[in-house]
Amino acid sequence: MNRFEDKSVVVTGAASGFGVAIAKKFAEEGASVLLADINLEGAEKVAAEIPGSVAIKVDVSDEEDNKAMVQAAVDNFGKIDVMCCNAGGPHRGAYMTRMEVEDFDRMWAINVRSIFLATKYCVEHMPPGSSIISTASIAGKRPRKGLTPYNASKGAVITLTKGMALELAPNIRANCVCPVSAPTGFDMTSTGKAELSEDMEKMVIDGIPLGRRATPEDVADAYAFLASDEAKFLTGVALDIDGGRSI
Ligand SMILES: NC(=O)c1ccc[n+]([C@@H]2O[C@H](COP(=O)([O-])OP(=O)(O)OC[C@H]3O[C@@H](n4cnc5c(N)ncnc54)[C@H](O)[C@@H]3O)[C@@H](O)[C@H]2O)c1
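K.L.:
Hey, could you run me through the sheet that holds strand E6 (residues 172-179) in this one?
P.N.:
Pairing between the strands of a sheet comes from backbone hydrogen bonds, and it takes one of two forms, parallel or antiparallel. Ordered by their spatial adjacency, seven strands build an open sheet running E3-E2-E1-E4-E5-E6-E7, and the pairing between neighbours is parallel. The strands lining the two open edges of the sheet, one partner per strand, are strand E3 (54-57) and strand E7 (238-241). Direction aside, the axes of adjacent strands within the sheet are offset by 20 degrees on average. With five bridges connecting them, strand E1 (residues 8-12) and strand E2 (residues 32-37) associate as parallel partners. Of the residues in E2, the one forming a bridge with Ser8 is Ser32. Sheet contacts for helix H3 (residues 63-77): E1, E2, E3 and strand E4 (82-85); angle to E2, the most-contacted strand, approximately 160 degrees.

Take a look at the structure:
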């Protein structure tokens, strides 16, 4: 399929995990891709594998960085057809009573403020039929104990998406995806480790009817679907990529 020929796509959090798969998926289907990440070296490595793509250092929580990200997409590709607000902050230390106030504020800035900022500055460069897609989490619908501020930030992403869908219709659609646990560089635990222990992994998989965790490609496929014409009547959707966990 070549659903994104002549389309311009911006992906945040593009140096690792879901963002890499999302960027590659859109590029494989013909899009020009801007890879934005706070980790420029990582984004540049991914860009080296995607002909015609551009990497840029962006802290998604920062207003000036968001303006620069949008400008870079416009300078390189002339417009933005798909804005992928994928970068997200960690679970680490996310027990309510153990979390420092500044870590709480930082998480909200990365997970929620970022989408407000990207949207605020990109819409004027989006032609009719464009879409904004964000990575929420199944944690935003079905919270797990010990991740309360993270759960709440992802719940906010879902509500933000629905509000954006109302405000940006009919020209721009806004949707989000809600993945279940996936092995990425993401800090899954309260211990600061990205990988789950064997026991933890078993517990997570036991709660997923389809019997496995999500993959970055599962998430990238959902992004591509939501951005495509096949989803032209979908807006305000929070699509579960969870193998049935939230049933
Ligand atoms: N992996 C999971 O189990 C899972 C499940 C549900 C939702 N999510 C969400 O998926 C999204 C992507 O996470 P991932 O699993 O691919 O993790 P990851 O750690 O592999 O990738 C996240 C990327 O975001 C970048 N990033 C972090 N803070 C940033 C900032 N302030 N500005 C710019 N870039 C920043 C990191 O450098 C990294 O490249 C996040 O929003 C996360 O909350 C992850």
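K.L.:
Just checking my understanding: could you explain the pattern of salt bridges for this structure?
P.N.:
A complete count under the given rule lists 12 salt bridges for this structure. Lys79 is the salt-bridge partner of Asp81, the closest N and O atoms lying 3.0 Å from each other. Since its relative accessible area comes to 6%, Asp81 is described here as buried. Close ionic contact of Lys202 with Asp206 constitutes a salt bridge, the shortest N to O distance being 2.8 Å. Separated by four residues within a single helix, Lys202 and Asp206 lie in helix H6 (residues 198-206), roughly one turn from each other. On the basis of relative accessibility, which here comes to 56%, the residue Asp206 falls in the exposed class.

K.L.:
Could you clarify how one ought to interpret the site of the ligand in this entry?
P.N.:
Near the ligand you find 29 residues, and of these Ser16, Asp37, Tyr150, Ala182 and Thr184 are the closest. Contacts to the ligand include Ser16, whose side-chain N or O atom sits 2.6 Å from an oxygen atom. A distance of 3.5 Å separates an oxygen atom of the ligand from a polar atom in the backbone of Gly17. For the ligand, whose accessible area on its own is 830 Å², the fraction buried by protein is 92%. When contributions to the shell around the ligand are tallied by element, the ones reaching two or more residues are helix H1 (17-28), helix H4 (101-122) and helix H5 (148-168). Tallied by class, the residues present in the shell around the ligand amount to 14 nonpolar, 11 polar and four charged.

K.L.:
What is the right way to look at the layout of surface pockets in this model?
P.N.:
Gaps between atoms show up when a probe of the same size as a water molecule is rolled over them. Size it by volume and the second largest pocket reaches roughly 180 Å³. Arg3, Phe4, Lys7, Ala227 and Asp229 are the residues nearest the centre of the second largest pocket, which is lined by 13 residues in total. In the lining of the second largest pocket, the residues fall into four nonpolar, four polar and five charged.

Calculation notes
- Residues numbered from 1 in each chain as written.
- Predicted model: local features only at pLDDT ≥ 70, side-chain atom pairs only at ≥ 80, totals over all residues.
- Heavy atoms only, no water.
- Pairing = 2+ DSSP bridges.
- Helix = DSSP H or I, 4+ residues; strand = E, 2+ residues; numbered from the N terminus.
- Axes fitted to C-alpha atoms, helices over the stretch in contact; angles between N-to-C directions.
- Contact = heavy atoms within 4.5 Å.
- Salt bridge = Lys/Arg side-chain N within 4 Å of Asp/Glu carboxyl O.
- Buried < 20%, exposed > 50% of the residue type's maximum accessible area, 1.4 Å probe, protein only.
- Near = heavy atom within 4 Å.
- Polar contact = N/O pair within 3.5 Å; in protein donor to acceptor, adjacent residues only side chain to side chain.
- Areas by Shrake-Rupley, 256 points an atom, 1.4 Å probe, with all protein chains shown as cover.
- Nonpolar A, V, L, I, M, F, W, Y, C, P; charged D, E, K, R; others polar.
- 1 Å grid on protein atoms, 1.4 Å probe; cavity = no way out; pocket = protein on both sides within 12 Å on 5 of 7 lines; lining within 4 Å.
- Points joined across faces, edges and corners; volume = space filled by probe spheres on them.

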